[in-house]
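# Observations on the three-dimensional arrangement
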Protein chains: 2
Amino acid sequence: MKKRNVTINEVARAAGVSISTVSRIINGSAFVAEDKREAVETALKDLGFQPNYLARTLISGKSMSIGVIAEDIVSPYFADVIRGIEHHLLDTDYQPILNSGHWSSPYEQRAIETLIYRKVDAMILLGSTLPDEKLREIGERIPLFVFGRSVPGMEERCLVLDQFKGGYIATRHLIELGHRDIVHVTGPENHQDAQERLRGYQTALEESGLTFNPQLVLHGDFLERTAYMATLKLIESLSSFTAIFAANDQMAAGARLALYRKGLRIPEDVSLVGYDDLPGTAFMSPPLTTVHQPTYDIGQALGRHVLRVLRDEESPMPDFDLTLVVRESTSRLHRGYRV
Amino acid sequence: MKKRNVTINEVARAAGVSISTVSRIINGSAFVAEDKREAVETALKDLGFQPNYLARTLISGKSMSIGVIAEDIVSPYFADVIRGIEHHLLDTDYQPILNSGHWSSPYEQRAIETLIYRKVDAMILLGSTLPDEKLREIGERIPLFVFGRSVPGMEERCLVLDQFKGGYIATRHLIELGHRDIVHVTGPENHQDAQERLRGYQTALEESGLTFNPQLVLHGDFLERTAYMATLKLIESLSSFTAIFAANDQMAAGARLALYRKGLRIPEDVSLVGYDDLPGTAFMSPPLTTVHQPTYDIGQALGRHVLRVLRDEESPMPDFDLTLVVRESTSRLHRGYRV
DNA sequence: TTGTATGCGTTATCAT
DNA sequence: ATGATAACGCATACAA
């Protein structure tokens, strides 16, 4: 089963030329006489020559690969960014190498070391749990790019979206529909994005002269279950509210189930807004109003940007906007009604 | 930014020994006098030596990496298998290298070539659109393992679940609840798994003396939209049915939306069964009854199996069972009621 | 235009 | 036990 790989040497012998000539033809690095070129090319075909990646990379110093580390590959959110990166790289000679950080600093650290060890030419972090200091350190060792996290001192290598704005427009939408008692289910307290979304929520409220009610802020962790339980408890506490803004779609699903259990209809009784616009939310019942993050486009742009930087080309970090996708989970407040 | 990497040579010089000695210590391949060992170890630390993966792999012929190609990384179904593989490999010296086939033979082919070029020690295909012949051919070049597809001639390298059984138990569940007119939304016609699930559905029907009604078979493609539209059309055609079995969870969501639009309640009016038990289906409203595929465990077992085979250890391909997870989207047929 | 020789950073094979 | 040195497969500076 293990056929010995044919080397450039054998090709040279078969074609009756030197290995340099073969190498030149493969890489197009110099002109070669037509007759020799033909001889070599047929030899290449006949023997089914495949250059050895390791030898090539060892000498050239370029591995033609980009390391990508996502907190979690399972998360559809990151997966879509990855898809964008992959898709851009498909048209290039570069190859992405994926790895997971598993939402844990030690794992992430290890994943990073592994990729550096594998000599990736650059690295993209999709989220990160490592301290700023550590990231700056890694940035000294290898061209590093970070999505979803702003690291002081390397801002030009970070792509962050305006999550404050996201929280703001989501809440604003609800207010414009006449809602006054708006619940917010937050993400993890130590998560930058979650903090920003909460700030956006709070600001939208205050701008409209609504008082910020801490009782309507439910502490979540981006997962369905916590949001489900918190919402259930809120309903049982008889707090009055007519709308919920969840800091991500998964928690929106959790909240939605709690409402369902209690016989509350969406959007007739309660309006619901999510965040992320995951694939599938368009097919929730009813389809979810949510803040769209252009993850696929971000991935593509990120891929392009990284390659440009690697080629020393001028390339500003791309910029993206969040938009609200209004579907059917929100509606105008029915006067006088409250939960 | 580009610090020159320290090599084994510099370490040797710093410790006052030869490179062979250093190599021996790094690899523990032979005994070394205690004093030299200490000298080398401090030099190793002081200089922050990191072995060069490329050079190492070039000579040893082992890249310590496993290529994994999924049809689509975005699909939560495959992502969970990947997570399992990753998790098992985490405790070993092996490293997974991921790639996507993008549900397209040319892309898949290219991804495979790329990974072979990168000298992965083995390759795992999570689904495949390539013809059997092609897969056998690749299996000649590199240790190849396939999940979700049975390839004639290399059965012992393929891990397949009994999708027939899955379709069977899903349908059977519905029948036991008293349903007679059961719709099936299929996957792509040329997809092995989809065919098997359909067969399971059909067999369960026939075994119970129910006639197979082709009109109740909706042709889907594993995506929400198609299932949504087909279900909508079915309802509008006034066909009578009281239950739906969708060949995957995504299509179940599509069907569910169609029912919602038409004011049909689940499970009071129509019972619904999905397939895959994706993360999130437990938080659909209502939580979805679905066929559970132990994807994470499969990934782990697959990783372990591959490594064993690589070490020439005896290792039968692991075997897994499908189970039905009964949640709240199915209920006993209300006598006399039909859509 | 073409060939020879050297180097990339290791491990493996010899001697000693 | 240790040190030279060959070898891995390729690219490239230099010589011709």
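An unreviewed UniProt entry lists chain A under the name LacI family transcriptional regulator, with Deinococcus roseus given as the organism.

Right, let's talk about the interface of chain B and chain A for a bit. Listed by partner, the interface residues are 60 residues for chain B and 59 residues for chain A. It is Tyr117(B), Arg118(B) and Phe283(B) in chain B that bury the most area against chain A; as a group they hold 15% of the surface buried on that side. Here chain B is connected to chain A by 2 salt bridges. Put simply, Glu328(A) and Arg261(B) hold a salt bridge, and the shortest N to O gap is 2.7 Å. Across the chain B-chain A interface, the total number found is 19 residue pairs in polar contact (both at pLDDT 80 or more). When contributions to the side of chain B that touches chain A are tallied by element, the ones reaching two or more residues are α4 (53-60), α5 (76-89), β2 (95-100), α6 (105-117), α7 (132-141), α10 (224-236) and α11 (249-261) of chain B. Looking at side-chain class alone, the side of chain B that touches chain A contains 30 nonpolar, 16 polar and 14 charged residues.

Turning to helix α2 (residues 19-27) of chain B, a few remarks are in order. All names here are of chain B. Of all the positions in α2, only Thr21, Val22 and Ile25 are classed as buried. In a view along the axis of α2, the buried residues occupy a sector of 100 degrees, so they form one face of it. Where α2 is buried, its residues touch α1 (8-15) and α3 (34-47). A positive backbone phi angle near 60 degrees is found at Gly28, which sits one or two residues after α2.

What follows concerns the protein's contact with DNA strand D. Taken together, 26 residues surround DNA strand D, and among them Ile8(A), Ser20(B), Thr21(B), Arg24(B) and Ala33(B) come closest. If you look at DNA strand D and keep only atoms within 4 Å of the protein, 55% of those are sugar or phosphate atoms. Asn52(A) places a polar main-chain atom, nitrogen or oxygen, 3.1 Å from a phosphate oxygen of DNA strand D. At 2.6 Å, a backbone N or O of Ala33(B) approaches a phosphate oxygen of DNA strand D.

Next up on the list: the protein's contact with DNA strand C. Taken together, the neighbourhood of DNA strand C is formed by 26 residues, with Ser20(A), Thr21(A), Arg24(A), Ala33(A) and Ile59(A) sitting nearest. Protein-adjacent atoms of DNA strand C, using a 4 Å cutoff, are sugar or phosphate at a proportion of 57%. The separation between a phosphate oxygen of DNA strand C and a polar main-chain atom of Ser18(A) is 3.1 Å. In the environment of DNA strand C, a base oxygen lies 2.9 Å from a nitrogen or oxygen atom belonging to the side chain of Ser20(A). Every element with two or more residues in the surface near DNA strand C is listed here: α2 (19-27) and α4 (53-60) of chain A together with α2 and α4 of chain B. The element that contributes the greatest number of residues to the surface near DNA strand C is α2(B), accounting for 5 residues. Here the residues of the surface near DNA strand C are counted per class, giving 13 nonpolar, 9 polar and 4 charged.

This part covers the packing of aromatic side chains. All names here are of chain A. Using the criterion set out here, one finds 16 aromatic pairs over all chains in the structure. Taken together, a centroid distance of 6.3 Å and an interplanar angle of 20 degrees make the contact between Phe164 and Tyr168 stacked. With Phe164 and Tyr168 both in helix α8 (residues 163-176) and 4 residues apart, the pair spans about one turn of that helix. Above the plane of the ring of Tyr275 lies Arg197, whose end atom (NZ or CZ) is 3.8 Å from the centre.

The next subject is the relation of the copies chain B and chain A. Between the two chain copies there is a screw-like relation: a rotation about an axis and a shift along it. Structural alignment of chain B on chain A gives an RMSD of 0.2 Å, achieved by rotating through 180 degrees and translating 0.1 Å along the axis. Interpreted geometrically, this transformation is the action of a two-fold axis. Both copies present the same face, since 98% of the interface residues in chain B are matched by interface residues at the equivalent positions in chain A.

Counting residues in hydrophobic clusters, the biggest one holds 137 residues, and the most contacted among them are Leu126(A) and Leu126(B). Counting 36 residues, the second largest nonpolar core, distinct from the first, contains Met123(A), Ile112(B), Leu135(B) and Cys158(B).

Next up on the list: α7(B). Residues and elements named next belong to chain B. Of all the positions in α7, only Leu135, Ile138 and Gly139 are classed as buried. For α7, the arc enclosing every buried residue in end-on projection is 105 degrees, short of the 170-degree limit, so these residues lie on one face. On its buried face, α7 is in contact with α6, β3 (122-126) and β4 (144-147).

Here is the key point about a regular strand: its side chains alternate between the two faces of the sheet. Residues and elements named next belong to chain A. Counting buried residues along strand β6 (residues 182-186), 5 of its 5 residues qualify, which places the element largely inside the surrounding structure. Residues Ile182, His184 and Thr186 line one face of β6 and the alternating positions Val183 and Val185 line the opposite face, and both faces are buried. The sheet contact formed by β6 and strand β8 (residues 243-246) spans 4 bridges and is parallel. Within β8, the position partnered with His184 by the bridge is Phe245. For β6 and strand β7 (residues 217-219), the ladder comprises 3 bridges, and the chain directions are parallel. Its bridge partner being in β7, Val185 is matched across the sheet by Leu218. This β-α-β element, β6 to helix α9 (residues 192-207) to β7, shows right-handed connectivity.

Next up on the list: the sheet that holds strand β2 (residues 95-100) of chain A. Residues and elements named next belong to chain A. Read from one edge of the open sheet, 5 strands run β2-β1-β3-β4-β5, paired in parallel fashion. Each edge of the sheet is formed by a strand with only one pairing partner; in this case those strands are β2 and β5 (158-159). Note: strand β1 (residues 65-70) against strand β3 (residues 122-126), 5 bridges, orientation parallel. Bridge assignment links Ile69 to a residue of β3, and that residue is Leu125. Packed onto the sheet, helix α5 (residues 76-89) meets β1, β2, β3 and β4 (144-147) and runs at close to 155 degrees relative to β3.

Rules behind the numbers
Residues numbered from 1 in each chain as written. Chains lettered and ligands numbered in written order. Predicted model: local features only at pLDDT ≥ 70, side-chain atom pairs only at ≥ 80, totals over all residues. Heavy atoms only, no water. Contact = heavy atoms within 4.5 Å. Buried area = accessible area lost by both parts, 1.4 Å probe. Salt bridge = Lys/Arg side-chain N within 4 Å of Asp/Glu carboxyl O. Polar contact = N/O pair within 3.5 Å; in protein donor to acceptor, adjacent residues only side chain to side chain. Helix = DSSP H or I, 4+ residues; strand = E, 2+ residues; numbered from the N terminus. Nonpolar A, V, L, I, M, F, W, Y, C, P; charged D, E, K, R; others polar. Buried < 20%, exposed > 50% of the residue type's maximum accessible area, 1.4 Å probe, protein only. Arc of directions from axis to C-beta. Near = heavy atom within 4 Å. Phe/Tyr/Trp six-rings, centres within 6.5 Å; stacked < 30°, edge-to-face > 60°. Lys NZ or Arg CZ within 6 Å of the ring centre and 35° of its normal. Least-squares fit on C-alpha atoms with pLDDT ≥ 70 in both. Core = buried A, V, L, I, M, F, W, Y, C linked by side-chain atoms within 4.5 Å. Pairing = 2+ DSSP bridges. Right-handed = clockwise from strand over helix to strand, strands pointing away. Axes fitted to C-alpha atoms, helices over the stretch in contact; angles between N-to-C directions.

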